[in-house]
Amino acid sequence: MKILISFLMAITVAFASDATIEVIKRVDSLPTIAVEDSSESYDNKFKMKFFKSLIADLNVLSIFNVDRYHREVKYDANEVAYENKDMDYVLRYRLVKSDNGSLNVNLKILTKNDTVFVKNYKINNPKIYMFVSHTIAYDINKFMGEDPVEWMKRKVIFSRIIAPQKSELVIADYTLEYQHVVVKGGFNIFPKWANKEQTAFYYSSLDEKKPTLKYVDIKTAKSKVIGSSDGMMICSDVSDDGSKLLLTKAPNGQPDIYMYDVNTKITSRLTKYGGIDVSGSFMGKDSIVFVSDRLGYPNIFSKNINSNSVEQMVYYGKSNISCSTFGEYIVYKSRETSNAFANNTFNLHLISTETDFIRRLTAVGVNEFPRFSVDGDAIIFIKNYKAQSSIGIIRLNHNKNYLFPLKYGKVQSLDW
Amino acid sequence: MKSIVISSVVIALLVLTGCSSKEPAVDTSSQYESVEKVAPVQSETVSSDESSVMSEDGSRASASDYASVSSSDSMSSLENDLSTIYFDFDKFNIREDMQNNIANDASIVNGAAIKFSVKLEGNCDEWGSDEYNFALGLKRANSVKKSLVAQGVNTNRITMVSFGESNPTCTEKTKDCWAKNRRVDFKLLP
């Protein structure tokens, strides 16, 4: 009997941690937090920029009910502002400009007038203040004992189409507040970070006679050619240690998935189907997940690198066009309508290879290019809805989506 | 008594684990929280090492094949004579009504344009920037290539590229517009 009970409890626990099961909104039970600004340096415009960035970050953490009101209180005041006296937490910070122009942030968190957390931050270039704000949010999340949000401090690289056959590659923070164009001019698409440290990236250039895969080291600004192929040459995925790439190449007009070893420079062909095989993504030690039209419509399949047998992974949706994997989870884009003459809807769905649950993650518009964060905690994606291109963040365990609109152009592809 | 307690626990666990709905549940209301943008940030420089990457500018693009194409009048006028091939939604087979265009193109490629190479550019409508869409554009180009080869064009003269949805000739959100973007264009190379 004890064994049976243990078994059932184990099942309960297993189901409880399944990301494909939706979490009911917990807004009412979330602790409240208010933010108090004690800055003395900097003008009001900059102070409000920093404040709004911090509020946005705290919201994305999804663990607080955040009070959006901007209140100014002396940093050393013993009590929180009168309006904040019922808040569970009060975050008080002070922006200080040092003599050499660097931005210093003193931060403390108060609970019922007691200081429970203190930390100072410094950044040489105040223009990239948003990374301080993300780091503060990261630390608060850690202080609250939540799972780490490593992705918040990472950079996003994306290609932005600015005119037909004209694009630029941009490095940004996850909110797109910071944007730095790294490759300008020409037609360059499908950027992909080359390693976990984000010190280099790959991208496809369509300016050459044949599509060409290039590698750029950000530190040295050196660019080199990895290879080219007739028709298509795209880096779809990079292995965790950065030593292997999954490429989509199309010699003779036949798109197939290849694996490229960065150290030995040896390329091996992984798929041989006569139709379309694209978007390879590493899953586990020796398997890949990819998109193929081998059933007459695009769908998600998996295969072992060392064998030829192919397994269908998704049984819902008649047009599943792109995917990303993390552990047992696969997120994929599915076409919900099939209409050549009207607006189509594409939504993202999450499945687990261990269960047969499906969770729909988006509701309207064209949602595409899903990518798991390095820790699997969040999914980043592109949303195009009513002529507005945005980058979206889905907090899986908190059942929240956030959108960050692009000022101009259209996001073609991204990596996180 | 003990067995009743245990049974209750077992039943409770069964109830708790067995009731999950397998229907995908979607919350359409207030699911999105658009976070306010803070600043209109232009391309900025974080550190000198990143800015140095920006040295790769548009000069290379202007030196691409197209510059030399436009420099040759005969080549560009021949290019204008070549008909674009249009495709159906999510398809890469050549339509019945496009067969005449292909035959006409093949005769030009093997006639007046015999000394040039041909670059086939596959394109798609706006429904997706994924690799699949690029592959679809490429398969369209490949269909045209096969048809040209079947009509006597030397396969070595033909190269292909896919621009996916990134090279639209029409940007309105209408069915006619989308149909115009599902196409294969011909470019001549020296």
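Quantities reported herein were computed from a predicted structural model and do not represent experimental measurements.

Trainee: Teacher, can you tell me more about the pattern of salt bridges here?
Mentor: All names here are of chain A. Taken as a whole, this structure holds 24 salt bridges over all chains when the rule is applied. Two residues, Lys 192 and Asp 415, come together in a salt bridge whose shortest N-O distance is 3.2 Å. In this pair, Lys 192 sits in strand 10 (residues 188–193) while Asp 415 sits in strand 30 (residues 410–415), placing the two residues 223 residues apart along the sequence. Residue Lys 192 shares its accessibility class with Asp 415, and that shared class is buried. A salt bridge links Asp 377 to Arg 395, with the nearest nitrogen and oxygen atoms 3.1 Å apart. Of this pair, Asp 377 sits in the loop between strand 26 (366–372) and strand 27 (378–385) while Arg 395 sits in strand 28 (residues 388–395), placing them 18 residues apart in sequence. Each member of the salt-bridge network shares a partner with another, and the members are Asp 67, Arg 71 and Glu 83.

Trainee: In this structure, what is going on with the side chain of Lys 145 of chain B? I would like to understand it.
Mentor: Looking at the element boundaries, Lys 145 of chain B is found in helix 7 (residues 131–150). Buried and unpaired, Lys 145 of chain B has Asp 230 of chain A as its nearest opposite-charge partner, separated by 4.7 Å. Beyond its immediate stretch of four places on either side in the chain, Lys 145 of chain B contacts Leu 120, Thr 155, Ile 158 and Met 160 of chain B.

Trainee: Sorry, what's going on with the nonpolar core here?
Mentor: Within the largest apolar cluster, 114 residues are counted, with the highest numbers of intra-cluster contacts made by Leu 91, Tyr 93 and Phe 158 of chain A together with Leu 120 and Val 144 of chain B. Taken domain by domain, this core gets at least three of its residues from each of domain 1 (31–146) and domain 2 (156–415) of chain A. In contact with Leu 91 of chain A, other than residues within four places in its own chain, are Ile 33, Ala 34, Val 35, Glu 36, Leu 54, Leu 58, Leu 107, Lys 108, Ile 109 and Ile 140 of chain A.

Trainee: Got a minute to help me understand the domain arrangement of chain A in this structure?
Mentor: Residue and element names in this part refer to chain A. Domain annotation of chain A identifies domain 1 (31–146) and domain 2 (156–415). Inter-centroid distance (C-alpha atoms) of domain 1 to domain 2 is 36 Å. Contacts between the two partners involve 13 residues from domain 1, matched on the other side by 10 residues from domain 2. Carbon and sulfur atoms supply 60% of the area that domain 1 and domain 2 bury against each other, a total of about 960 Å² over both sides. Seen at the junction of domain 1 and domain 2, the total is zero salt bridges. Viewed at the interface, domain 2 and domain 1 are joined by eight residue pairs in polar contact (both at pLDDT 80 or more). Elements represented by at least two residues in the side of domain 1 that touches domain 2 include exactly helix 2 (44–61) and helix 3 (129–143). No other element matches the five residues that helix 2 contributes to the side of domain 1 that touches domain 2. When grouped by side-chain class, the residues that make up the side of domain 1 that touches domain 2 number seven nonpolar, four polar and two charged.

Trainee: Help me out: how do you make sense of the sheet that holds strand 15 (residues 244–249) of chain A in this one?
Mentor: Across a sheet, strands are paired by hydrogen bonds formed along the backbone, either parallel or antiparallel in direction. All names here are of chain A. Spatially, the four strands line up as an open sheet ordered 14-15-16-17, and their pairing is antiparallel. Looking at which strands have only one partner, the edges of the open sheet turn out to be strand 14 (233–238) and strand 17 (267–269). With direction set aside, neighbouring strand axes in the sheet form an average angle of 30°. Relative to strand 17, strand 16 (residues 256–261) runs antiparallel, the two being bridged by three bridges.

Trainee: I keep staring at the sheet that holds strand 11 (residues 200–205) of chain A and nothing clicks. Help me out?
Mentor: Residues and elements named next belong to chain A. Pairing in this open sheet of four strands is antiparallel, and the strands run 10-11-12-13 from one edge to the other. Lying at the two open borders of the sheet, with one neighbouring strand each, are strand 10 and strand 13 (222–228). The mean angle between the axes of side-by-side strands here comes to 25°, regardless of whether they run parallel or antiparallel. As paired strands, strand 12 (residues 212–217) and strand 13 are joined by six bridges and run antiparallel to one another. Within the sheet, the bridge partner assigned to Lys 214 lies in strand 13 and is Val 225.

Trainee: It is not clear to me how the packing of helix 2 of chain A against helix 3 of chain A should be interpreted in this structure. Could you clarify?
Mentor: How two helices sit against one another is set out by the angle between their axes and by the gap between those axes. Residue and element names in this part refer to chain A. Where helix 2 contacts helix 3, the two axes come as close as 9 Å, and the packing angle between them is 35°. Relative to helix 3, the crossing made by helix 2 is right-handed. Contacts between helix 2 and helix 3 involve Phe 46, Lys 49, Phe 50, Ser 53, Leu 54, Asp 57, Leu 58 and Leu 61 from the former and Tyr 129, Met 130, Val 132, Ser 133, His 134, Ile 136, Ala 137, Ile 140 and Asn 141 from the latter. Counted by class, the contact of helix 2 with helix 3 contains 11 nonpolar, four polar and two charged residues.

Trainee: Help me understand the packing of helix 6 (residues 99–109) of chain B against helix 7 of chain B, please; the structure alone is not making it clear to me.
Mentor: Residues and elements named next belong to chain B. At a closest axis distance of 10 Å, the pairing of helix 6 and helix 7 adopts a crossing angle of 60°. As far as their axial angle goes, helix 7 and helix 6 are oblique. As helix 6 packs across helix 7, the resulting crossing turns out to be right-handed. Contact residues: Ile 102, Asp 105 and Ala 106 in helix 6; Val 144, Ser 147 and Leu 148 in helix 7. Taken together, the residues that form the contact of helix 6 with helix 7 break down as four nonpolar, one polar and one charged.

Conventions we followed
- Residues numbered from 1 in each chain as written.
- Chains lettered and ligands numbered in written order.
- Predicted model: local features only at pLDDT ≥ 70, side-chain atom pairs only at ≥ 80, totals over all residues.
- Heavy atoms only, no water.
- Salt bridge = Lys/Arg side-chain N within 4 Å of Asp/Glu carboxyl O.
- Helix = DSSP H or I, 4+ residues; strand = E, 2+ residues; numbered from the N terminus.
- Buried < 20%, exposed > 50% of the residue type's maximum accessible area, 1.4 Å probe, protein only.
- Lys, Arg positive; Asp, Glu negative; His and termini not counted.
- Contact = heavy atoms within 4.5 Å.
- Core = buried A, V, L, I, M, F, W, Y, C linked by side-chain atoms within 4.5 Å.
- Domains from an automatic or database assignment.
- Buried area = accessible area lost by both parts, 1.4 Å probe.
- Polar contact = N/O pair within 3.5 Å; in protein donor to acceptor, adjacent residues only side chain to side chain.
- Nonpolar A, V, L, I, M, F, W, Y, C, P; charged D, E, K, R; others polar.
- Pairing = 2+ DSSP bridges.
- Axes fitted to C-alpha atoms, helices over the stretch in contact; angles between N-to-C directions.
- Left-handed = near helix turned anticlockwise from the far one by under 90°.
- Parallel < 35°, antiparallel > 145°, perpendicular 65-115°, else oblique.

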